[in-house]
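# Structural description and commentary
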Amino acid sequence: MKPRPPYRAATVVGFAVLLGYVFSLAPSVTFWDAGEFIGAMKTLGIPHPPGTPLFVMLGHVWGNLIPVGEFAWRTNLMSATFSAAGAAFWFLVLHEILVAVAGEEDANRVWRIAGAAAGAIIAAFTFTNWQNSNETEVYAVAGFIIALCSWLCLRWRSARGTDREPKILLLIAYLLGVSIANHLLALLAGPAVILFLMSVLRHDPAADPLQRRREWGYAAVFAGLWALLLGAGLGSPTLILLGGLAFVGALVVAVPAGALPFAIVALLVAAVGVTPYLFLYIRSGQHPMLNEAAPSTWSSLLAMVRREQYGIRTPFDDPTQYHGPENPGRNLTLIGLQLANYFQYFDWQWAKSWATTVADFPLRTLITLVAGFLGLQGLFVHRRADRSSWWLLFGMFLVTGLGLVAYMNFKPGYSLAWKLYPDQEQHEVRERDYFFVISFVIWALWIGVGLTQLGRALAARLSDKARAAALGVLALALVPPILNFKEADRGHGPDARLPGDFAYDLLNSVPPYGILFTYGDNDTFPLWWAQEVEGIRPDVAVVCIALARTEWYMAQMRTWPVRPFDEARAPAYWRGRNPQPPTRPLHTMTNDDIARAVPQLLPRDAEIAIGPYRTTLKANSPLYPEDFLKIRVLQQNFGHRPIVWGLTAAGQYYGLDPIIVQRGLGLNAETGPIDSTQMNRELGQMFRAAVDLKATEKLAYEVYRYGHLLDADHGELETTARGIAATLAVPFTQLASDAEARQDFLAMVKHLERAARLWSNPSVVQGLAEARKRLPTNRK
C-alpha cells in the first residue's frame, strides 16, 4: 500500500515558495503586458487577443478582496500565490515518483520528502518561472493548472475501479476547458495526460474486462475532447471539425463500453469551462475604456480568439519575412537559431545572475552542465521506476519545449544573430523564454530525482553514522534561488518602480486635455495602468500608433469620453492654467473611411493641410492605416487640443516640423508664438524639434520621477529598463550640452551626473569625467 500523500509537507513547501516570491514581488506595475492586464482587471476591461477573460475576472475579484497594498501589488501577489500553489502540487507529483524510485518503506520517507522538496524548489525558482511569478502575468495561473492536472492524473491512477475514477477525469477536462480562457499553455498538458492514460491502461490493465473496456472508453473520449478543445482554443473551424470527428470516433469506443454518460458529461463540463469567453462578448458591448479588438459581435469575438490582429504565421513560414505567398519558407539556418535560442533560455534557468568567468569560461555554463547531467539522470531513473508518470512528464516536456519551438516559429531572439539579421524587425521584440517555462519546470523535477538518487547512492557507501550527511546533496536545490535572485527579483532593484514612474512622467509631459501619441507596449500599457488604476492624468488621450493600424481602435477613438483634468492631483507645473475641456471627438472618420484606410502607395502627389500648415506627400509614398488616423486627428484637433508625441513615438509630423518643440519627454505641436530665446534646435536634431530648455529643466527636475535610479550607483539594468532609463536621460544630456556651450561647467556636471545614473553610456560617463576636470578647483 502506497503511503498517504504528504499534504502537510506540500503546504509547507508551497508556503516557503510563496515567501520567496513575496520577497521578490514587484511593488507595482511592470513593463510589457502587466500594465494592460492590471488596468483591465481593475475596470473589467478587455486586454489584447485572445482576451484572457478568466485571468481578468480572477484579478478583479482578487484585487478587490485583498485589503492591503496598491492594486498592482495585489494582482502581482495573485500570480505569486497561484505559482506557489503549483509548486505544492509539483511536490506531490514528485513525491509519488520518488515512492517508485526510493521505495515505500518508512525508512525512505525522509528521502522522498526531502527529494520532492528539492525538486519543487528548483522548479519554482528557475529563472523564467520565478519572473513569471512575481508580476501580473497569465503564466503563473497556467502553470498552476498544469501542476494540478498532473497531480490529478496520479490521483486517477490510485482511484481506478472506484466511483472517483471518472470524476477525476471530468475535473481534468474542466480544468483544460477553463484554461483556454486564461492561456493556451495549460491546454498543452492534454497530450501528456493522454499518453499517461494510455500507458497506465496498457501496462496495468484492469482485471475486470468490463472495467478495462470502460477505461479505454474514458481515454478515447478524453483524447477526442482535447482535440475539440484545441480547435476551440485556436478558433479554427477546421480543427474544430477535426476535433468533432475525433470525439465522434471516440464514441465508437465509448458507447459499447458503457462510457456514453461519461462522454456526454465530459463534453458539457468542458463546454462550461470555456464559458468565460462570454464575458468578452458581454463586456465589450458595454464599451469599457480598455476594449481591445472590440469582441462585441460573434465575428469579432471569433477574430479575437483566432488572434487575427497579429497576422497568421505558420510553422512553415520564414518569420523574418512578410506573410503571404511570396514568403520563402522556414530554413535550416532559422531552425538552428530557434534551437540555439531555446538552449540559451535553458542556460538561464539555473544561475542567471552568475556572470563570473574563469579564463573566458562562464561558470554559469558549468552549473548548466551539472543541471543537464542531473536532469538526464533523473529522467532515466524516473523512466525505469514509473513508466506511466514518466510519459506524463516527458510528453509535457516535449510539447512545451521543442514542440513549441517547432510550432511557434519565432524570429531570432533579441540577443542573437544580429549579423545575419541586422534589421530590428527581423528579431522578436523581447526574449520569449516564458513560452517554454513548463519544459524548464519539468527538467527541474528530474533534477530533483537525480539529486535524490545521487544522495541515496552516496548514503549507501557511507557508514550508518555518516549516512545522514548524504542528505546534504539536496542542499544543491538552493543554487537556483541564490544564483537567480539578482536577475529574477523585481522588488529590490533601483528600477522596481520605473515602469509606473515612466508612465507618470510621460502623462505629465502633456498639457491638460492633451493628445499623446505613443508607439508600443512599454510606452502605452503602463500609461493605461496609471490612468485606469491610479487615476493619474486620465484627461490625456493616449493614442497608440501600433494599435492605430486596426479598424476597431480607430472606431473606438471616436467615442472616447473626455475625462476631467484633476488640478489638485496634477504636479504644480500644470496648475493654474484654467484649461477648457474639448467639445469635439478625436476624429470623425466614418466606418467607410476607416475601411478604406489600408496600406497603399500614393498614386500622385497629395497636399495635406493641418491648420495653416501645408505639406506635400510625393507620389509613390507609402501610407499605412496609422498615417490616415494620425493625419485626421491632427487636422481635427490642431488649435483645439494640445498635441504631443512621446520621445518614444517621434517620427512623421506631416509638415508640422517647424513648430515641433520638445519639452522634457514630449514633442509638442505649438500653435502659439515660440520664444526663440528659450529654444535650441540643434539639441533636438534627433527628434527634428527645437528644445525648450527652461521647460525641459523644470520637468526633469521638478516633475519627473525615476524609480530609485538616482539614489545610488547601480549595475547594468535589464534590457527594457535600460532602454527606458536611456530615454529618461535624454533631457539631461541635452541640458548638459547647452550648459557646455555656455561654459557653465557646474551645471553641466549636475546634468551629466543625473544622466550617468540613468544611462551608463560610455560617452555620457566620459563626458561627465571631462566636465569635472573643467570645474573650478574649489568646486571639484
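Residues numbered from 1 in each chain as written. Predicted model: local features only at pLDDT ≥ 70, side-chain atom pairs only at ≥ 80, totals over all residues. Heavy atoms only, no water.

Within the protein chain, the regular secondary structure consists of 29 helices and 13 strands. By the compact-globule yardstick of 28 Å for 780 residues, the protein chain fits well, its C-alpha radius of gyration being 29 Å. By principal-axis analysis of the C-alpha atoms, the protein chain measures approximately 90 × 65 × 55 Å. Sorting the 780 residues of the protein chain into buried and exposed places 57% on the buried side. Contacts in the protein chain between residues far apart in sequence, at least 24 positions, make up 72% of those at least 6 positions apart. With the model as given, the accessible surface of the protein chain reaches about 33,200 Å², and the carbon-plus-sulfur share is 60%. With 68 positive and 63 negative side-chain charges, the protein chain shows a separation of 5 Å between the mean positions of the two kinds. (Helix = DSSP H or I, 4+ residues; strand = E, 2+ residues; numbered from the N terminus. Rg over C-alpha atoms; globule rule 2.2 N^0.38 Å. Buried < 20%, exposed > 50% of the residue type's maximum accessible area, 1.4 Å probe, protein only. Contact = heavy atoms within 4.5 Å. Areas by Shrake-Rupley, 256 points an atom, 1.4 Å probe, with all protein chains shown as cover. Lys, Arg positive; Asp, Glu negative; His and termini not counted. Charge placed at Lys NZ, Arg CZ, Asp CG, Glu CD.)

Over the atoms a probe the size of a water molecule is rolled, and this reveals where empty space is left. Roughly 500 Å³ of volume is contained in the second largest pocket. Lining the second largest pocket are 24 residues, with P511, P512, W574, R577 and P642 positioned closest to its centre. Contributions of two or more residues to the lining of the second largest pocket are made by β9 (643–646) and β11 (666–669). (1 Å grid on protein atoms, 1.4 Å probe; cavity = no way out; pocket = protein on both sides within 12 Å on 5 of 7 lines; lining within 4 Å. Points joined across faces, edges and corners; volume = space filled by probe spheres on them.)

Counted under the stated rule, the structure contains three cavities of 30 Å³ or more. Each pocket or cavity is described by its volume, and for the largest cavity that value is around 290 Å³. Considering the residues around the largest cavity, the lining is formed by 25 residues, among which M289, A541, V542, W560 and R563 are closest to the centre. Those elements that place two or more of their residues in the lining of the largest cavity are α22 (525–532), β4 (541–544) and α23 (551–557). With four residues, α23 is the single largest residue contributor to the lining of the largest cavity. Of the residues that constitute the lining of the largest cavity, the class distribution is 16 nonpolar, three polar and six charged. When its volume is computed, the second largest cavity comes out at roughly 110 Å³. Lining the second largest cavity are 15 residues, and of these S83, W90, N129, G143 and V441 sit closest to its centre. (Nonpolar A, V, L, I, M, F, W, Y, C, P; charged D, E, K, R; others polar.)

Okay, the environment of V56 next. Along the chain, the position of V56 falls in helix α3 (residues 53–65). Separated by 171 residues in the primary sequence, V56 and A227 have C-alpha atoms spaced 26 Å apart. Each residue touching V56, except ones within four places of it in the same chain, is listed here: A40, M41, L44, G45, P47, G51 and F279.

What follows deals with the pattern of salt bridges. Taken as a whole and judged by the stated rule, the model has 27 salt bridges. R157 is paired through a salt bridge with D386; the nearest N and O atoms lie 2.9 Å apart. Here D386 lies in the loop between α16 (363–385) and α17 (387–400) and R157 lies in helix α7 (residues 139–158), a separation of 229 residues in the sequence. For the salt bridge of D204 with R160, the shortest nitrogen-to-oxygen distance reads 3.4 Å. One end of the pair, D204, is in the loop between α9 (189–203) and α10 (209–234); the other, R160, is in the loop between α7 and α8 (164–179), and 44 residues separate them in sequence. (Salt bridge = Lys/Arg side-chain N within 4 Å of Asp/Glu carboxyl O.)

On to the sheet that holds β11, then. The mixed open sheet is built from seven strands, whose spatial order is β4-β3-β9-β11-β10-β13-β12. This sheet does not close on itself; its edge strands, each paired only once, are β4 and β12 (679–680). Direction of pairing for β12 relative to strand β13 (residues 690–692): antiparallel, over a ladder of two bridges. Each residue of the ladder has a partner; that of M679, found in β13, is D692. (Pairing = 2+ DSSP bridges.)

Our focus in this paragraph is a nonpolar patch on the surface. There is a patch of nonpolar side chains on the surface, built from L332, I335, L339, F343, L398 and L402 and spanning about 550 Å² of accessible area. Ranked by residues supplied to the nonpolar patch, first place goes to helix α15 (residues 332–351) with four residues. Within the secondary structure, L398 sits in helix α17. Overall, L398 belongs to the partly exposed group, its relative accessible area being 34%. (Patch = residues over 30% accessible without salt bridge, like charges linked within 9 Å, V, L, I, M, F, W, Y side chains within 5 Å.)

In the structure shown here, the tally under the stated rule is 42 aromatic pairs. Considering the side-chain rings of W645 and Y653, the 5.0 Å spacing of their centres and the 80° angle between planes classify their relative orientation as edge-to-face. An identical accessibility class is assigned to W645 and Y653; each is buried. Just above the ring of F127 sits the side chain of K352; from NZ or CZ to the centre is 5.0 Å. Stacked on the ring of W348, the Lys or Arg K352 has its end atom at 4.6 Å from the ring centre. (Phe/Tyr/Trp six-rings, centres within 6.5 Å; stacked < 30°, edge-to-face > 60°. Lys NZ or Arg CZ within 6 Å of the ring centre and 35° of its normal.)

As a further point, take the pairing of strand β7 (residues 613–617). On a regular strand, each side chain points to the face opposite its neighbour's, so the side chains alternate between the two faces of the sheet. The pairing of strand β6 (residues 606–610) with β7 spans five bridges and is classified as antiparallel. Residue pairing in the sheet places A606 in a bridge with L617 of β7. The loop that links β6 with its antiparallel partner β7 comprises two residues; one of these, G611, has a positive phi angle of about 60°.

Next up on the list: the packing of α16 against helix α19 (residues 437–461). It is the contact of α16 with α19, at a shortest axis distance of 7 Å, that shows an interaxial angle of 80°. Considering the angle they form, α16 stands roughly perpendicular to α19. Contact residues: α16 offers A371, G372, L374, G375, L376, Q377, G378, L379, V381 and H382, while α19 offers W443, W446, I447, V449, G450, L451, Q453 and L454. (Axes fitted to C-alpha atoms, helices over the stretch in contact; angles between N-to-C directions. Parallel < 35°, antiparallel > 145°, perpendicular 65-115°, else oblique.)

By themselves, these observations are geometric and do not establish any function.
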